[in-house]
Amino acid sequence: MGKYFGTDGIRGNANEKLDVAIAMKVGAYLGHLHRGKNIVVGQDTRLSSTMFASAIAAGATSTGAHVYMLGVCATPALAYTVSKGDFEGGVMISASHNPFNDNGLKVFASNGMKIPNELELEIESYIDGEIAIDVATGAEIGQVIEYHEGLEKYLSYAEGLIDARFDGLNIVLDLANGSATSSAERAFKELGANVTVMHGNPDGININTNCGSTHPESLIEKVKELNADMGFAFDGDADRCLAVNEHGKLVDGDEILYILGQYLRDKGMLKEDTVVSTVMANLGFMKCCEKIGLNIITTDVGDKNVFAEMVKNDYKLGGEQSGHIILKDYATTGDGVLTALVIAEVVAKAQQSLGTLGKDFVQFPQLLENLKIEDKNVIMNHPDVQSAIERITNELGDAGRILVRPSGTEQLIRVMVEAETNELCNHYVNDMMNVIKTIQ
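Remember, it's a predicted structure, so these values are computed and weren't measured experimentally. All chains use their own residue numbering, which begins from 1 and follows the written sequence. Side-chain atom pairs in this predicted model are given and counted only at pLDDT of 80 or more, local residue features only at pLDDT of at least 70, and totals for whole chains, interfaces and linings cover all residues. Side-chain metrics rest on all non-hydrogen atoms present in the structure, leaving aside hydrogens and water.

Participant: What should I look at first to understand the pairing of strand S8 (residues 170–174) in this one?
Facilitator: On any regular strand, side chains alternate: one points to one face of the sheet, the next to the other face. Within S8, four of the five residues are buried, which leaves the element mostly enclosed by the surrounding structure. Place the viewer so that the strands point away; then a crossover is right-handed whenever the path from the first strand over the helix to the second strand goes clockwise. Labels follow the DSSP assignment, with helices taken as runs of H or I lasting at least four residues and strands as runs of E lasting at least two, numbered in each case from the N terminus. Following the chain from S8 across helix H6 (residues 184–190) to the adjacent parallel strand S9 (residues 194–198), one finds a crossover that is right-handed. When a residue's accessible area, from a 1.4 Å probe over protein chains only, is under 20% of the maximum for its type it is buried; when over 50% it is exposed; and in between it is partly exposed.

Participant: In this structure, what is going on with the environment of Thr 274? I would like to understand it.
Facilitator: Turning to its location among the elements, Thr 274 is positioned in strand S13 (residues 274–278). The exposure class assigned to Thr 274 is buried, which follows from its relative accessible area of 3%. Separated by 15 residues in the primary sequence, Thr 274 and Cys 289 place their C-alpha atoms 9.7 Å from one another.

Participant: I keep staring at the packing of aromatic side chains and nothing clicks. Help me out?
Facilitator: Two aromatic rings, taken as a pair, are described by how far apart their centres are and by the angle between their planes. The rule is short: rings of Phe, Tyr and Trp, with Trp giving its six-membered ring, pair when the centres are within 6.5 Å, and they are stacked under 30 degrees, edge-to-face over 60, tilted in between. Following the criterion strictly, the structure yields nine aromatic pairs and no others. When the ring of Tyr 68 is compared with that of Tyr 147, the centres are 5.3 Å apart and the planes differ by 90°; the resulting orientation is edge-to-face. Taken as a pair, Tyr 68 in strand S4 (residues 66–72) and Tyr 147 in the loop between strand S7 (144–146) and helix H5 (149–160) lie far apart in primary sequence, 79 residues in all. Ring centres of Phe 166 and Phe 188 lie 5.7 Å apart, and the angle between their planes is 35°; this geometry places the pair in the tilted category. Placement of Phe 166 in the loop between H5 and S8 and of Phe 188 in helix H6 is noted, with a sequence separation of 22 residues between them. The same class applies to Phe 166 and to Phe 188, which are both buried. Three or more aromatic residues link up through ring pairs in this structure, and these residues are Tyr 68, Phe 87 and Tyr 147. The criterion for a charge sitting over a ring is simple: Lys NZ or Arg CZ within 6 Å of the ring centre, and within 35 degrees of the ring normal. One residue, Lys 271, lies across the ring of Tyr 315, its end atom 5.9 Å from the ring centre.

Participant: Is there a simple way to think about the nonpolar core in this case?
Facilitator: Considering soluble globular proteins, one finds that nonpolar side chains tend to be buried as a cluster. Definition of nonpolar core: a set of buried residues of the types Ala, Val, Leu, Ile, Met, Phe, Trp, Tyr and Cys, connected through side-chain atoms within 4.5 Å. Ranked by size, the top nonpolar core spans 70 residues in total, and within it Phe 166, Phe 188, Phe 232 and Phe 234 carry the most contacts. Of the residues forming this core, the biggest block, nine residues, is contributed by helix H11 (residues 336–350). Core analysis: the next-biggest nonpolar cluster, separate from the first, contains 31 residues, Ile 22, Val 26, Val 41 and Ile 123 among them.

Participant: What am I meant to see in the side chain of Gln 43 here?
Facilitator: You can see Gln 43 is positioned in strand S3 (residues 38–43). Given the relative accessible area of 12%, Gln 43 is considered buried. Apart from residues lying up to four places away in sequence, Gln 43 is in contact with Ser 49, Thr 50, Ala 53, Gly 71, Val 72, Cys 73, Met 92, Ile 93 and Ser 179. Should any heavy atoms of two residues lie within 4.5 Å, those residues are considered in contact.

Participant: How do you make sense of a nonpolar patch on the surface when you look at a structure like this?
Facilitator: A patch consists of residues exposed above 30% relative accessible area that lack any salt bridge, with like charges linked at up to 9 Å and nonpolar side chains (Val, Leu, Ile, Met, Phe, Trp, Tyr) linked at up to 5 Å. Surface accessibility follows the Shrake-Rupley procedure with a 1.4 Å probe radius. Residue values consider only the protein chains on display as shielding. For this analysis, a salt bridge means a side-chain nitrogen from Lys or Arg found within 4 Å of a carboxyl oxygen belonging to Asp or Glu. Together, Val 20, Met 24 and Met 51 make up an exposed nonpolar region whose accessible area comes to about 220 Å². In this fold, Met 24 is placed in helix H1 (residues 20–33). With a relative accessible area of 36%, Met 24 lands in the partly exposed category.

Participant: Just checking my understanding: could you explain the pairing of S9 for this structure?
Facilitator: Only strands joined by at least two bridges in the DSSP assignment are considered to pair. When S8 meets S9, the two strands line up parallel, connected through five bridges. The partner of Val 172 across the bridge, within S9, is Thr 196.

Participant: Just to check I follow, could you spell out unusual backbone geometry for this structure?
Facilitator: Positioned with a positive phi, Ser 96 is a non-glycine residue whose angle comes to about 55°. Looking at the element boundaries, Ser 96 is found in the loop between strand S5 (89–93) and strand S6 (102–109). Backbone geometry places Asn 210, a non-glycine residue, at a positive phi of 50°. Secondary-structure assignment places Asn 210 in the loop between S9 and helix H7 (217–226). On the basis of relative accessible area, Asn 210 is assigned to the exposed category, the value being 55%.

Participant: It is not clear to me how H11 should be interpreted in this structure. Could you clarify?
Facilitator: In an α-helix, one turn spans 3.6 residues, which is why side chains three or four residues apart end up on the same side. One fewer than the residue count of a helix, multiplied by 1.5 Å, yields its expected span. For H11, built from 15 residues, the straight-helix expectation of 21 Å at 1.5 Å per residue is met to within 8% by its first-to-last C-alpha distance of 21 Å. Three or more residues of H11 are buried, namely Gly 336, Val 337, Leu 338, Thr 339, Ala 340, Leu 341, Val 342, Ile 343, Ala 344, Glu 345, Val 346 and Val 347. For this analysis, a polar contact is any N or O atom pair within 3.5 Å, provided that within protein one partner can donate a hydrogen and the other can accept it, and provided that sequence-adjacent residues contribute only side-chain to side-chain pairs. Its side-chain oxygen placed 3.2 Å from the backbone nitrogen of Val 337, Asp 335 serves as the N-cap of H11.

Participant: Can you help me understand the sheet that holds strand S14 (residues 295–299) in this one?
Facilitator: Hydrogen bonds between backbone groups are what pair the strands of a sheet, and the pairing can be parallel or antiparallel. Spatially, S14-S13-S15-S16 is the arrangement adopted by the four strands of the open sheet, whose pairing is mixed. Single-partner strands in this sheet number two, and they are S14 and strand S16 (325–327). When strand polarity is set aside, the average angle formed by the axes of neighbouring strands in this sheet is 20°. For helices, the axis comes from a line fit to the C-alpha atoms of the stretch in contact; other axes are also lines fit to C-alpha atoms, and the angle between any two N-to-C directions lies between 0 and 180 degrees.

Participant: Mind showing me how you'd approach the environment of Asn 210 here?
Facilitator: Spatially, the C-alpha atoms of Asn 210 and Ala 176 are 8.3 Å apart, while their sequence positions differ by 34 residues. Look past the residues within four positions of Asn 210 in its chain and what remains in contact with it is His 199, His 215 and Ser 218.

Participant: Could you clarify how one ought to interpret helix H2 (residues 49–62) in this entry?
Facilitator: With 14 residues, H2 ought to run about 20 Å at 1.5 Å a step, and its terminal C-alpha atoms sit 20 Å apart, in line with that. Considered for burial, the residues of H2 that qualify are Ser 49, Phe 52, Ala 53, Ala 55, Ile 56, Ala 57, Gly 59, Ala 60 and Thr 61. Packing partners of the buried residues in H2 comprise H1, S3, S4, S5, S6 and S7. Looking at the residues trailing H2, positive phi occurs at Gly 64, about 105°.

Participant: Explain the sheet that holds strand S19 (residues 412–419) here, please?
Facilitator: Spatially, the three strands line up as an open sheet ordered S17-S19-S18, and their pairing is antiparallel. Both edges of this open sheet fall to strand S17 (366–372) and strand S18 (400–406), since each of them pairs with a single strand only. Each neighbouring strand pair of the sheet contributes to a mean axis angle of 15°, computed without reference to strand direction. Across seven bridges, S17 lies against S19 in antiparallel orientation. Across the sheet, Gln 366 pairs through a bridge with Glu 418, a residue of S19. In the packing of helix H15 (residues 422–439) onto the sheet, the strands contacted are S17, S18 and S19, and the crossing angle to S19 comes to about 155°.

Participant: Got a minute to help me understand the pattern of salt bridges in this structure?
Facilitator: Close approach of charged atoms allows side chains with opposite charge to pair. For the structure on display, the rule yields 24 salt bridges. A salt bridge links Arg 240 to Asp 235, with the shortest nitrogen-to-oxygen separation between them at 3.9 Å. By relative accessible area, Asp 235 is classed as buried at 0%. In this structure, Asp 314 and Lys 328 form a salt bridge, with 2.7 Å as the shortest nitrogen-oxygen distance. Of the two residues, Asp 314 is situated in the loop between helix H10 (303–313) and strand S15 (317–319) and Lys 328 in the loop between S16 and H11; the sequence distance between them amounts to 14 residues. Within the structure, one salt-bridge network assembled from shared partners comprises Asp 314, Lys 316, Lys 328 and Asp 329.

Next comes the structure, spelled out in structure tokens:
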């Protein structure tokens, strides 16, 4: 992880780590790489996103690239546009599920995938003044072009992937006052669904505020109130999706993978009957998949790691419990709106409710606690910690598991236990935390 780029692009509070100067430099370096060629810029609805989009455009045009402004769009719409159009790269301005005062930059290569680490380091070197580039002059200065038709192309593509009509289905959409406002309602309506929209009036500040995939409580209540067939909640840049079934039960990313895994396998679209997830996937999910013949491969936490494994072995389906679902034959990144559309397709074609499709899915109780420490590497390598992990693993056996991992960004140790009962989870999390506390 570099100085500026984290696991998912440049992150930070708009007034701190990510500022206009950094955004301009990112744009300038991309313009330098692609002088005389095209890049595309998209954004979510938060207050600072237009400011940063303008900064990216100013930087890129100053070094000779032409910038196509996609406007408010989902991150996957930006990724699709980059990969399918005459573009050398793209930048999405969003802080995903974070509050409005944060923002970030996700930089994409011409294939619609996140740029490689080597290019991240080059951009960071330029930001720090270690690399010099030439500005464009005269007729070499780039142009800024409004490109809202790019979103139209993405919508046509996404709807064209769906092999069903949604006539008669009552669906509630929580748009998180974010990027999903540009596409989700329209896509579902054009496929015939009766749609009720929640949190679809962004004002620059209310993105993710008590709504969306991080706060699905109001969606759950609305689905129950309307006796709807299902509901979907997106995050700020619409690359994640959680569902709610007809009973008002939350369907998280693990259960979505379980349902989609069976569906794609039965269609002959799931290579080696394999689904890619992360080490944080629920043990109950793994056992349920094993029972129906689905193979699970786990990676480190992060959609970038999931996608890397999918690309390496050409696996078709992967994702995280958070609702970041990747359908590799359809998209190069997680796509919340597309995920929701495919779930609705499964319901429509099976002529079964979402609750029925997930009736055999069982999750183990899970408890995750964070502990602030002075040096996470010392803790993780301490023999007492390793010994405690081994002991607890043996005591839990097949009835649970423990995962102890360091935070990627802070001096924290995360202790997660899954077991058949909440009591066991509490017991073993406290057990592990006490071991760590005695070392400090």
